[in-house]
Amino acid sequence: MGRRSPSPALRVLLLLLLYCAERSRGAELTFELPDSAKQCFHEEVDQGVKLSLDYQVITGGHYDVDCYVEDPLGNIIYRETKKQYDSFTHHTEVKGVYQFCFSNEFSTFSHKTVYFDFQVGDELPILPDMGNRVTALTQMEAACVTIHEALKTVIDSQTHYRLREAQDRARAEDLNSQVSYWSVGETIALFVVSLSQVLLLKSFFTEKRPLSKRGHS
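Residues numbered from 1 in each chain as written. Predicted model: local features only at pLDDT ≥ 70, side-chain atom pairs only at ≥ 80, totals over all residues. Heavy atoms only, no water.

Some thoughts on the pattern of salt bridges
Under the definition given, this model contains four salt bridges. With its nearest N and O atoms 3.2 Å apart, the salt bridge here joins Lys 112 to Asp 64. Of this pair, Lys 112 sits in strand β8 (residues 112–120) while Asp 64 sits in the loop between β3 (50–59) and β4 (65–70), and the two are 48 residues apart along the sequence. Each of the two residues, Lys 112 as well as Asp 64, counts as buried. Glu 165 is the salt-bridge partner of Arg 169, the closest N and O atoms lying 2.6 Å from each other. (Salt bridge = Lys/Arg side-chain N within 4 Å of Asp/Glu carboxyl O. Helix = DSSP H or I, 4+ residues; strand = E, 2+ residues; numbered from the N terminus. Buried < 20%, exposed > 50% of the residue type's maximum accessible area, 1.4 Å probe, protein only.)

Some details on the layout of surface pockets
Taken as a whole, the second largest pocket encloses approximately 170 Å³ of empty space. Thr 59, Gly 60, Gly 61, Tyr 63, Ala 170, Arg 171 and Asp 174 together form the lining of the second largest pocket. It is helix α2 (residues 139–204) that contributes the most residues to the lining of the second largest pocket, three residues altogether. Tallied by class, the residues present in the lining of the second largest pocket amount to two nonpolar, three polar and two charged. (1 Å grid on protein atoms, 1.4 Å probe; cavity = no way out; pocket = protein on both sides within 12 Å on 5 of 7 lines; lining within 4 Å. Points joined across faces, edges and corners; volume = space filled by probe spheres on them. Nonpolar A, V, L, I, M, F, W, Y, C, P; charged D, E, K, R; others polar.)

These results come straight from atomic positions and should not be treated as a statement about function.
Have a look at this one:
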């Protein structure tokens with residue numbers, strides 16, 4: 001018996017695994033930033049490489065944070081203050097360790113939850129010779145490219161909805177706390193008013209005996 005060739009589904013799976021293994025390196029993280037604090041991250045990047053940073057404040061205060069990016073020479077290549085979310089793309093001019101920091105030093109009592117996605121390098125094509133080939137894609141290759149683009153859209157949508165869900169959940173929990181405190185305050189006020197009314201009505205029906213005057217002899 002001859003060897004069976006891999007099924008089309010297995011070929012697609014192998015190509016997708018190859019894409020996952022060769023995708024551009026980077027980091028995706030959600031972290032808590034305390035009040036009056038600053039958190040920095042470092043990444044070594046080669047010269048002439050594209051780097052991108054996307055970030056968003058999920059919870060805390062007015063949902064804003066300071067952010068800046070510094071190159072290996074100490075030059076500030078990006079700086080924004082009190083931003084809720086933003087994106088930054090840069091092509092590196094020098095090789096070395098790049099630093100990007102998030103600061104909450106302007107806030108004295110509210111800590112923040114920050115999400116960021118830091119990517120280094122351009123995304124490699126799903127097919128090794130896709131950029132140089134002159135022939136048309138086969139049906140299997142075209143299907144792989146279509147699946148790849150659809151998966152990227154799904155990942156972006158999942159990230160977007162996950163951040164929205166976390167932000168809405170935090171707002172709902174904060175609103176629930178405010179409603180609970182307001183309900184407790186209203187209950188106490190109602191109890192005080194009711195007690196005052198009872199005491200006032202009781203004073204109306206309390207019999208006051210006149211003081212007897214002693215006769216003069």
